Amino acid sequence: MLFRPKTKVCLVLLQVMEIIEQIREEFPALHQQVWGKPLIYLDNAATTQKHRKVLELQERMSSLTNANIHRALHKLSADATDMYEAGREAVRLFLGAESREEIIFTSGATAALNLIASSLVRSHMIPGDKVLVCEAEHHSNIVPWQLACEAFGRSVEVLPVEENGEISLERLSELLEADDRIRILTVNHISNVLGIINPVAEIVRLAHSKGVLVVIDGAQGVVHDKVSVKEMDCDFYVFSGHKIYAPTGIGVLYGKRSLLESMPPYMGGGDMVDSVSFSGTTYAPLPLKFEAGTPNFVAAACLKPALEFATAVRDDVQVRECERRIVTAMVGELQQLEGLRICGLPQDLSLKTPIFSLSIEGVHPSDAAQMLDKMGIAVRSGLMCAEPIVSRFSDQGLLRVSFAPYNTIFECETFISKLKLVINMLL
Ligand SMILES: Cc1ncc(COP(=O)(O)O)c(C=O)c1O
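Residues numbered from 1 in each chain as written. Predicted model: local features only at pLDDT ≥ 70, side-chain atom pairs only at ≥ 80, totals over all residues. Heavy atoms only, no water.

1. A closer look at the layout of surface pockets
Move 1: The space that makes up the largest pocket amounts to roughly 360 Å³.
Move 2: In terms of lining residues, the largest pocket is bounded by 23 residues, among which Phe 94, Lys 226, Val 227, Ser 228 and Arg 314 are the most central.
Move 3: Top element by residues in the lining of the largest pocket is helix H11 (residues 297-314). It accounts for five residues. (1 Å grid on protein atoms, 1.4 Å probe; cavity = no way out; pocket = protein on both sides within 12 Å on 5 of 7 lines; lining within 4 Å. Points joined across faces, edges and corners; volume = space filled by probe spheres on them. Helix = DSSP H or I, 4+ residues; strand = E, 2+ residues; numbered from the N terminus.)

Have a look at this one:
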């Protein structure tokens, strides 16, 4: 009787470990050695490994169903088109969007943000208007706005984050209140540095109450939080396929239909037109209006198995339990290390995802990353393409460790013990 609670805990842990082992079986890349050590892949915020079903479909389409989409009457082209459009339907379902017209394929989150910035700044702002950009954005959600604003005489303002990395709704409200030239707010769902789930629905509500459009960078958000663009009510939402178990070269732009219809095309070319003549060109209806040229139809089709897997793990209690244990272990253990700071630690720990950026006094992040690599542990160091927020915490970059649902608690513990070893060796 006395041992029952402990036995129960062990049983839960065993079940969790079993599920994660089953998941790992679906990812061939995880079963390799680097420098003679079993790979522990903890650079998932940069790119995730690919699911077996994704790899199989990629291979099948590249070797068999290889024909350009939307253009020919032959069977192979029709099949490739169907698979491409099935990818779109999978995205629509995954994001909870109303119609397929609202789902635009791009080459990645970066391309999607460039499209929105260029088209929206040109068409929905006048000189003197402003875009409010969160301080914790990836460069791909800063530079496109700077480029578009420079080109069209608009400007960029900054929404700073708090000392612990959280966005303050009060501060946002004050900024919007103080400046009625802000027309667009762009903010991450989860920062690739801070790993905090931002209150995106509240942010959207606040911005909309001031007539401000909201763009959400969901590159990390789709991986670690449930997304419903309808419930969130954002105007735009973007993500990249390769960060969610799909191949590189495919990304998604969700936009509200009425807005997308009111925006000019970003790129011109084949497939995005209705009729072309030298006296004037008319454009294809959504979504093709924004999909000029031959798209990466193989990668788009691969989004279907990738997002099906992502949905399954997102809704699995055992996987959630494993993620929670990893976050708890990382915070608990790392906070005890002298001179180590976790950059991005929300007051409510349930908002922390397993993306950890660390600054360690006296330890250069590149040295630590190189030593960990030799131990078989892949992590990231440097500016993480987010210089403004990283340089707020450190002038030599940070060490980033990011977990996926296929990472085990054992891998987490190994990382922590090896990091301690590295720190001891470097200090
Ligand atoms: C939050 C965030 N936004 C945007 C991007 C850009 O994604 P991509 O390089 O796939 O276009 C990244 C990539 O790291 C990211 O983490």
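2. Quick word on the environment of Pro 354
Move 1: Along the chain, Pro 354 falls in the loop between strand E13 (340-342) and strand E14 (355-360).
Move 2: When its relative accessible area of 1% is taken as the criterion, Pro 354 is described as buried.
Move 3: In this structure, the C-alpha to C-alpha distance between Pro 354 and Asn 44, residues 310 residues apart in sequence, is 9.8 Å.
Move 4: Not counting the four nearest positions on each side in its chain, Pro 354 is found in contact with His 224, Glu 323, Ile 326, Val 327, Val 401, Ser 402 and Phe 403. (Buried < 20%, exposed > 50% of the residue type's maximum accessible area, 1.4 Å probe, protein only. Contact = heavy atoms within 4.5 Å.)

3. As for the packing of aromatic side chains
Move 1: A full pass over the atoms with the stated rule returns seven aromatic pairs.
Move 2: Ring geometry for Tyr 84 versus Phe 105: centroids 5.0 Å apart, planes at 55 degrees, classification tilted. Highlighted residues: Tyr 84 in helix H3 (residues 75-95) and Phe 105 in strand E4 (residues 103-106), separated in sequence by 21 residues. In this structure, Tyr 84 and Phe 105 share a single accessibility class: buried.
Move 3: Aromatic pair Tyr 245 and Tyr 406: ring centres 6.5 Å apart, planes at 70 degrees, arrangement edge-to-face. (Phe/Tyr/Trp six-rings, centres within 6.5 Å; stacked < 30°, edge-to-face > 60°.)

4. What to know about the domain arrangement of the chain
Move 1: Once the domains are mapped, the chain shows domain 1 (7-47 + 317-426) and domain 2 (55-310).
Move 2: The distance between the C-alpha centroids of domain 1 and domain 2 comes to 28 Å.
Move 3: Domain 1 puts 34 residues into the contact, and the matching count from domain 2 is 26 residues.
Move 4: Here domain 1 and domain 2 share an interface that buries about 2,500 Å² over both sides, 55% of which is from carbon and sulfur atoms.
Move 5: On inspection of domain 1 and its partner domain 2, the count reaches three salt bridges.
Move 6: For Glu 163, the salt bridge identified is with Arg 341, shortest N-O distance 3.4 Å. (Domains from an automatic or database assignment. Buried area = accessible area lost by both parts, 1.4 Å probe. Salt bridge = Lys/Arg side-chain N within 4 Å of Asp/Glu carboxyl O.)

5. Some words on unusual backbone geometry
Move 1: The step from Leu 286 to Pro 287 runs through a cis peptide bond, and the omega angle for that step is 0 degrees.
Move 2: Notably, Asp 233 is not glycine yet its phi reads approximately 65 degrees, a positive angle.
Move 3: As for its placement among the helices and strands, Asp 233 is situated in the loop between helix H9 (229-232) and strand E9 (236-240).
Move 4: A relative accessible area of 32% means that Asp 233 is categorised as partly exposed.
Move 5: Phi is positive for Cys 385, which is not a glycine, with a value near 55 degrees.
Move 6: Relative to the elements of secondary structure, Cys 385 occurs in the loop between strand E16 (380-382) and helix H14 (387-393).
Move 7: For Cys 385, a relative accessible area of 40% puts it in the partly exposed group.

6. Section: the sheet that holds strand E17 (residues 398-402)
Move 1: Spatial ordering of the open sheet is given by E13-E14-E17-E16, a layout of four strands whose pairing is antiparallel. What marks the edges here is a single partner per strand, and that holds for E13 and E16. Ignoring which end each strand starts from, the neighbouring axes of this sheet average 25 degrees apart.
Move 2: With four bridges connecting them, E14 and E17 associate as antiparallel partners. In the strand pairing of E17, Ile 355 is matched with Ser 402.
Move 3: Packing of helix H13 (residues 365-374) onto the sheet brings it into contact with E16 and E17, and relative to E17 it is tilted by some 40 degrees. (Pairing = 2+ DSSP bridges. Axes fitted to C-alpha atoms, helices over the stretch in contact; angles between N-to-C directions.)

7. Topic: empty space enclosed by the protein
Move 1: The tally for this structure, following the rule as stated, stands at three cavities of 30 Å³ or more.
Move 2: Lining the largest cavity we find Ile 20, His 224, Val 319, Cys 322, Glu 323, Ile 326, Pro 354, Phe 403, Ala 404, Pro 405 and Asn 407.
Move 3: Examining the composition of the lining of the largest cavity, we find that four residues originate from one element, helix H12 (residues 317-334), more than from any other.
Move 4: In the lining of the largest cavity, the residues fall into eight nonpolar, two polar and one charged. (Nonpolar A, V, L, I, M, F, W, Y, C, P; charged D, E, K, R; others polar.)

8. Some remarks on the site of the ligand
Move 1: In the vicinity of the ligand, the contacting residues are Ala 109, Thr 110, His 138, Ser 140, Asn 192, Asp 217, Ala 219, Gln 220, Ser 240, His 242 and Lys 243.
Move 2: The backbone of Ala 109 places a nitrogen or oxygen atom 3.4 Å from an oxygen atom of the ligand.
Move 3: At a separation of 2.6 Å, an oxygen atom of the ligand approaches a polar side-chain atom of Ser 240.
Move 4: Within the complex, the protein chains bury 86% of what would otherwise be the 390 Å² of accessible surface of the ligand.
Move 5: Across the shell around the ligand, the residue classes tally to two nonpolar, seven polar and two charged. (Near = heavy atom within 4 Å. Polar contact = N/O pair within 3.5 Å; in protein donor to acceptor, adjacent residues only side chain to side chain. Areas by Shrake-Rupley, 256 points an atom, 1.4 Å probe, with all protein chains shown as cover.)

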